[in-house]
Amino acid sequence: MEMPGNNRSLPVLPVRDTVLFPHAVLPLTVGRESSVQLINSLGEDKTIIVVAQREARVDVPQPTDLYTVGTLAVVHKVVKMPNQSLFVFAEGLERVRLVEFSQLTPFMQARVETVPESIPPKTAEVEALQRNVLTLFQQIVAGSPTLSDELSTVAMNIEEPGRLVDFIASSLPSLSTADKQDTLETTDVRVRLEKVNQHLAKELEVQQLRNKIQSEVQDRVQQSQREYYLREQMKAIQKELGEQDEGQRDTEELRQKIEAAGMPDEVKKEALKELGRLTRMSPMAADYGVTRNYIEWLAVLPWAKTSGGEVDIPKAKEILDADHYDLQKVKDRILDYLSVRRLKPAMKGPILCFVGPPGVGKTSLGRSIARALGRKFVRISLGGVHDEAEIRGHRRTYIGALPGQIIQGIRRAETKDPVFMLDEIDKVGRDFRGDPGSALLEALDPEQNSTFRDNYLDVPFDLSKVLFITTANMLDPIAEPLRDRMEIIELQGYTEEEKVHIAFQYLVPRQIDENGVSPDQIEFPPETMSYLIRHYTREAGVRNLERNIGTICRKQARRLAEGKTEKLVVTREIVQDFLGGIKLRSEGEIAERTKRAGVAVGLAWTPTGGDVLFVEANVMRGKGGFTMTGQIGQVMQESMQAALTWVRSNAKQLGLEEGFFADHDIHIHVPAGAIPKDGPSAGVTMATALVSLLNDRPVRPLTAMTGEITLSGNVLPVGGIKEKVLAAKRAGVHDVILPAENKMNVDEDLTPEQLENLRIHYVKTIREALDLALPSSLGEEQRDAEEREKVLAEQTVS
């Protein structure tokens, strides 16, 4: 076709996202008003210029918005659409460059010039490029589901390389408008071949990757469909054979467990509801394991199982006596409980709290009680527990959630009425995760624990038949509301005689057995045991004593292993040889330290039992200062001030000069300096130490005292009397001065055997205490000195 002369302008049709190549027929939708006018204005001559816009978003393009190279095209057919737009079929003829725009409205017109192509000579390289382009295009068409196979046939029949490139570029949907325009503007056919070759290679790679991904996805889908189909077939076959699949069998087993568990109606309803959910779930579902675990927990708990039938009370007493020596209060309380339960089987279990120093048998007593009642025993230690969920469990929404320790203990016991020991309840911690002590309030309240709700189970469980026993070394750290819920039974320390009994009945046989020695190869005489207790242990319980007995048994085991087969009778010398020198010289220590004036012996209560306490006072020239040392607490410091005030206010009666306190400094020290001490019960001891110092009269040997004082000189009662008296006895004290109001405690808590070799003096005022503690004449002082020397001489010999 002849190129129109340069003197004639041709209408310009701007198109978006489309490039028309020569020899290609393109359907165009014409919607813009200017473009519709352009098509409608065409007469016999249907020639137009089709040019791509640089930016598709521009609705009213100006000459600068169009590319400079376009395609001369002839319009073959125009179809009017219902929405006033036109559907135009245009065939590209050749490349043209827009030279100058002659008209802009109502549509653009421009003068154009032909862009000549540079056709390369037929070299082998061009031929190879052309063939490569054709092969790649055919591969893309073959692998694409959207491109028609006819395109391959048409491309094979095009011989001219330039025309082939144009055809491929117009047929590739993946080629961007900018790339197509670039191909249109490239006049050198060889360069155009190379560019299209690169595009095709990239497109083929993308297509192969896409096909690979597609096939993988399809394989997976087919596999899961195949499994589903086979599973459904298997179900149908099992149904025909009258068999059940594993899931159904599992569900049926759980249903039978629920029916047999004896749950309350409310709990059973919840369990069956969850089981219904489980049957509708796929075993592959994320919640399947969680729901199944929950149902199993519900089914396995002993909702209706009880242990132990009728208990014979004399037999229970026999078992308690066989396992533990003394502890009469505790044994009586347990036997009372058994008697009431016999008369009223539906009674609630008591909640007991055993408070006492370490090593007195609190935990082992719980096990013994379970044996006497014929019940299962469960123990959990609360020492260091500081998460509320440990008691009450986690909610099921958490991964790895479990019920709390109480429900876990009930499951381990497999009965709803075990003896449940909560050890070390005074050592429960609290932090940002909650307060376990408060969580225990519900479990340890007989009015509430019949509907105890664990966070995991979220259904009520009846704990009212459980016999809860808690243990503690001290009551102070236990929160008041928790303490209020428990019946507190105090277990005091043992005396030397009781320890001798315990050693022969329990400790020696156990250690002989544990260390592989037979009873006829070792013998502990009673006097040796007393010596061991007095000089190698100072404790309320018997743990250290058992350790020392174990050491002696191990030494004998070693002698037997070395071939010395004779029986070992343990004497004092052997004890010293096996355990080293005497660790405690209590009697001698008191006699030694009270030699000088200003030293008095007090009695203290500690979590490990009782102990003796020395109060030392000294005086020096000064300006009336008063110093207190020995890591003492606020209350004890106030006791010291009260003692000094009383002494100063009674200076005349005590035979002191009036100006004495203005010219002297007084220092009171309570060793050992590293041990914290507090409390008001050493008041009388401090007053005695001060009077002893200022009158230069040493306190009587082997005398100890305890009591709170007032400024008016009265002696008030104090606590821990049993522990203090036993500590005095352990230390070799002969005279104990106590407040008169504590006489009742001595009568109730101490037996005649425990008070043997002890003289108890009761006082109401400080004056009475001073009369008992200090010698009243030089003759008495002389007798005290002789007694002191006698005690020290005995200690040296031993």
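No experiment lies behind these values; they were computed from the predicted model shown.

Engineer: Would you take a moment to explain the overall build of the protein chain for this structure?
Structural biologist: Counting its regular elements, the protein chain contains 28 helices and 24 strands. A globule of 798 residues ought to have a C-alpha radius of gyration of about 28 Å, yet the protein chain, at 52 Å, is considerably larger. Based on the C-alpha atoms only, the size of the protein chain along its principal axes is roughly 155 × 85 × 65 Å. Counting across all 798 residues of the protein chain, residues that qualify as buried make up 47%. Long-range pairs, those at least 24 residues apart, make up 73% of the contacts in the protein chain with a sequence separation of at least 6. With an accessible surface of roughly 40,400 Å², the protein chain has 50% of that area assigned to carbon and sulfur atoms.

Engineer: Can you help me understand the nonpolar core in this one?
Structural biologist: General note: in soluble globular proteins, nonpolar side chains tend to be found buried as a group. With 53 residues, the main nonpolar core has Met529 and Ile549 as its most contacted residues. Among the elements that line this core, the one with the most residues is helix α17 (residues 496-514), at 7 residues. Once you skip the residues sitting within four places of it in the chain, methionine 529 turns out to touch Val500, Ala503, Phe504, Val508, Phe524, Leu545 and Ile549. Ranked by size, the runner-up nonpolar core spans 50 residues in total, among them Leu422, Leu440, Ala443 and Leu482.

Engineer: I tried to follow the packing of aromatic side chains on my own but got confused; where do I start?
Structural biologist: One pair of aromatic rings is described through two measures. These are the centre distance and the angle between the planes. Here the structure, examined in full by the defined rule, presents 7 aromatic pairs. Judged by centre distance (5.9 Å) and plane angle (65°), the rings of tyrosine 294 and tyrosine 456 are edge-to-face. With tyrosine 294 in helix α9 (residues 288-300) and tyrosine 456 in the loop between β10 (452-453) and β11 (460-461), this residue pair connects regions lying 162 residues apart in the sequence. Exposure remark for tyrosine 456: the relative accessible area of 4% places this residue in the buried category.

Engineer: Is there a simple way to explain the pairing of strand β12 (residues 467-472) in this structure?
Structural biologist: Within a regular strand, the side chains alternate between the two sheet faces. Counting buried positions along β12 yields 6 of 6 residues, so the element is predominantly enclosed. Burial along β12 is two-sided: the residues Leu467, Ile469 and Thr471 and Phe468, Thr470 and Ala472 are all buried. Relative to β12, strand β7 (residues 351-355) runs parallel, the two sharing 5 bridges. Bridging from a neighbouring strand, isoleucine 351 pairs with phenylalanine 468 of β12. When strand β9 (residues 419-423) meets β12, the two strands line up parallel, connected through 4 bridges. Its bridge partner lying in β12, methionine 421 is registered against isoleucine 469.

Engineer: Got a minute to help me understand helix α1 (residues 33-41) in this structure?
Structural biologist: Think of an α-helix as 3.6 residues a turn; residues three or four steps apart then line up on the same face. What α1 keeps buried is the set Ser35, Val36, Leu38 and Ile39. Viewed along the axis of α1, the buried residues span an arc of 155°, placing them on a single side of the element. Opposite its buried face, α1 presents the exposed residues Glu33 and Asn40, each directed more than 90 degrees away. Looking at the buried residues of α1, the elements they touch are β1 (10-15), β2 (25-30), β3 (47-52), β4 (69-80) and β5 (86-103).

Engineer: It is not clear to me how the pattern of salt bridges should be interpreted in this structure. Could you clarify?
Structural biologist: Pairs can form between side chains of opposite charge once their charged atoms are near each other. Tallied over the full model, the rule gives 38 salt bridges. Of the charged contacts, one joins glutamate 266 and arginine 453 as a salt bridge, the two residues approaching to 3.7 Å between their closest N and O atoms. Here arginine 453 lies in strand β10 and glutamate 266 lies in helix α8 (residues 265-280), a separation of 187 residues in the sequence. With a relative accessible area of 36%, arginine 453 lands in the partly exposed category.

Engineer: When you look at empty space enclosed by the protein in this model, what are you seeing that I'm missing?
Structural biologist: The probe, sized like a water molecule, is rolled over the atoms to show the empty space still left. Across all of its chains, the model carries 2 cavities of 30 Å³ or more by this definition. In this model, the second largest cavity occupies a volume close to 30 Å³. As for the second largest cavity, its lining consists of Val19, Leu20, Val50, Val51, Ala52, Val69, Gly70, Thr71, Gln181 and Leu184. Listing elements by their share of the lining of the second largest cavity, those giving two or more residues are β3, β4 and α5 (177-185). Residue composition of the lining of the second largest cavity, grouped by class: 7 nonpolar, 3 polar and no charged.

Engineer: Explain unusual backbone geometry here, please?
Structural biologist: Among all residues save glycine, negative phi is the norm, and among peptide bonds the norm is trans. Between threonine 105 and proline 106 the backbone carries a cis peptide bond, its omega angle lying at -5°. Structurally, proline 106 can be placed in the loop between β5 and β6 (109-114). In this structure, aspartate 458 takes a positive phi of about 55° despite not being glycine. Even without being glycine, leucine 702 reaches a positive phi, approximately 55°. Among the structural elements, leucine 702 can be located in the loop between α24 (683-695) and β20 (703-705). By relative accessible area, leucine 702 is classed as buried at 2%.

Engineer: Where do I start with the side chain of asparagine 473 in this structure?
Structural biologist: Mapped onto the elements of the fold, asparagine 473 is located in the loop between β12 and α16 (480-485). For asparagine 473, the side chain forms a polar contact with the main-chain oxygen of glycine 356, separated by 3.1 Å. Polar side-chain contacts of asparagine 473 include one of 2.7 Å to the side chain of lysine 427.

Engineer: Can you help me understand helix α10 (residues 313-323) in this one?
Structural biologist: Within α10 the residues assigned to the buried category are Ala316, Ile319 and Leu320. The buried residues of α10 all sit within an arc of 95° when viewed along its axis, so they share a single face. Set apart from the buried face of α10 by more than 90 degrees, the exposed residues are Pro314 and Glu318. Against the buried residues of α10 lie α11 (328-343) and α12 (362-373).

Engineer: Would you mind going over the sheet that holds β7 with me for this structure?
Structural biologist: Think of a sheet as strands paired side by side through backbone hydrogen bonds, with each pair either parallel or antiparallel. Read across the sheet, 5 strands follow the order β8-β9-β12-β7-β13 without closing on themselves; strand pairing throughout is parallel. Two strands lie at the open edges of the sheet, namely β8 (377-381) and β13 (487-490), each paired on one side alone. The sheet shows a mean angle of 20° between the axes of neighbouring strands, direction not considered. Contacts from α11 reach β7, β12 and β13, with the element oriented near 145° to β13. Packing against the sheet, α12 makes contact with β7, β8, β9 and β12, and its axis sits at approximately 175° to β9.

Engineer: I would appreciate a short explanation of the environment of threonine 571 in the present structure.
Structural biologist: Within the fold, threonine 571 resides in the loop between β15 (568-569) and α20 (572-579). The exposure class of threonine 571 is partly exposed, given its relative accessible area of 28%. In this structure the C-alpha to C-alpha distance between threonine 571 and methionine 529, which are 42 residues apart in sequence, comes to 9.1 Å.

Engineer: Sorry if this is basic, but what is going on with the environment of isoleucine 369 here?
Structural biologist: Along the chain, isoleucine 369 falls in helix α12. A relative accessible area of 0% places isoleucine 369 in the buried class. Through-space distance from the C-alpha of isoleucine 369 to that of lysine 331 is 8.6 Å; in sequence the pair is 38 residues apart. The contact partners of isoleucine 369, leaving out residues within four places of it in the chain, are Leu320, Ile334, Phe354, Leu467 and Ile469.

What counts and how
- Residues numbered from 1 in each chain as written.
- Predicted model: local features only at pLDDT ≥ 70, side-chain atom pairs only at ≥ 80, totals over all residues.
- Heavy atoms only, no water.
- Helix = DSSP H or I, 4+ residues; strand = E, 2+ residues; numbered from the N terminus.
- Rg over C-alpha atoms; globule rule 2.2 N^0.38 Å.
- Buried < 20%, exposed > 50% of the residue type's maximum accessible area, 1.4 Å probe, protein only.
- Contact = heavy atoms within 4.5 Å.
- Areas by Shrake-Rupley, 256 points an atom, 1.4 Å probe, with all protein chains shown as cover.
- Core = buried A, V, L, I, M, F, W, Y, C linked by side-chain atoms within 4.5 Å.
- Phe/Tyr/Trp six-rings, centres within 6.5 Å; stacked < 30°, edge-to-face > 60°.
- Pairing = 2+ DSSP bridges.
- Arc of directions from axis to C-beta.
- Salt bridge = Lys/Arg side-chain N within 4 Å of Asp/Glu carboxyl O.
- 1 Å grid on protein atoms, 1.4 Å probe; cavity = no way out; pocket = protein on both sides within 12 Å on 5 of 7 lines; lining within 4 Å.
- Points joined across faces, edges and corners; volume = space filled by probe spheres on them.
- Nonpolar A, V, L, I, M, F, W, Y, C, P; charged D, E, K, R; others polar.
- Polar contact = N/O pair within 3.5 Å; in protein donor to acceptor, adjacent residues only side chain to side chain.
- Axes fitted to C-alpha atoms, helices over the stretch in contact; angles between N-to-C directions.

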